[in-house]
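# Coordinate inspection notes
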Amino acid sequence: MIRSLALALAMAGMLGVAGASLAEAAGPVIVQLTPQNNSGETGTATLTEQGTKTKVVVGINGAPAGVAQPLHVHKGTCAKLDPKPAYGLTTLTDGKSETTIDVSLTALQTGGFAINGHKSAQDANTYVFCGNIPGSS
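Parameters and conventions
- Residues numbered from 1 in each chain as written.
- Predicted model: local features only at pLDDT ≥ 70, side-chain atom pairs only at ≥ 80, totals over all residues.
- Heavy atoms only, no water.
- Phe/Tyr/Trp six-rings, centres within 6.5 Å; stacked < 30°, edge-to-face > 60°.
- Helix = DSSP H or I, 4+ residues; strand = E, 2+ residues; numbered from the N terminus.
- Buried < 20%, exposed > 50% of the residue type's maximum accessible area, 1.4 Å probe, protein only.
- Lys NZ or Arg CZ within 6 Å of the ring centre and 35° of its normal.
- Core = buried A, V, L, I, M, F, W, Y, C linked by side-chain atoms within 4.5 Å.
- Contact = heavy atoms within 4.5 Å.
- Polar contact = N/O pair within 3.5 Å; in protein donor to acceptor, adjacent residues only side chain to side chain.

## So, the packing of aromatic side chains
- Tallying each qualifying case throughout the model produces one aromatic pair.
- Between Tyr87 and Phe113 the ring centres are 6.0 Å apart and the planes differ by 55°, which places this aromatic pair in the tilted class. Highlighted residues: Tyr87 in strand E5 (residues 80-92) and Phe113 in strand E7 (residues 113-118), separated in sequence by 26 residues.
- Residue classification places Tyr87 among the partly exposed residues on the basis of a relative accessible area of 24%.
- Above the face of the Phe113 ring, Lys75 is positioned so that its terminal group lies 4.8 Å from the ring centre.

Set out below in structure tokens:
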């Protein structure tokens, strides 16, 4: 009887810890992507925590049809990006991209990162949209 009670209490404790972890999971973070270099391309990136990884879903209005546009997460801000990408994202095609990257949402929010898109693989030096990942509150 005592062993059963101890087992029940231990299981209830584990469920409570699991429930607390789920309750603490960060909600989605929306990054506003604004045009650069007169591209007219705007949109959002939705960042969703998936354990120690982050799902990034990008939707762009005004993206050219049929043009593959590389996009990345960079250290820095849109005003001053580190030119070396920190995390690659699936190439934007017809205004859409979805990638799961191997970094936590918290690390992205506290590390000073931005998401930017390039005009094309051939013209990767021209940025067409960018958005700073907001810090955690």
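## Description of the nonpolar core
- Judged by nonpolar contacts, the single largest core of 21 residues is most densely connected at Leu47 and Ile115.
- Among the elements of the structure, strand E1 (29-35), strand E2 (42-50), strand E3 (53-61), strand E4 (69-77), E5, helix H2 (105-110), E7 and strand E8 (127-132) are those that each provide at least two residues to this core.
- Excluding its chain neighbours within four sequence positions, the residues that come into contact with Leu47 are Gly27, Pro28, Val29, Val31, Thr54, Lys55, Val56, Leu105, Leu108, Ile115 and Ile133.

## Some remarks on the side chain of His74
- By the secondary structure assignment, His74 is in strand E4.
- At 2.7 Å, the side chain of His74 forms a polar contact with the backbone oxygen of Asp82.
- Here Asn116 takes part through its side chain, which lies 2.9 Å from a polar atom of the side chain of His74.
- Excluding residues within four positions of it along the chain, His74 makes contact with Leu81, Asp82, Pro83, Lys84, Pro85, Ala86, Gly112, Phe113, Ala114, Asn116 and His118.

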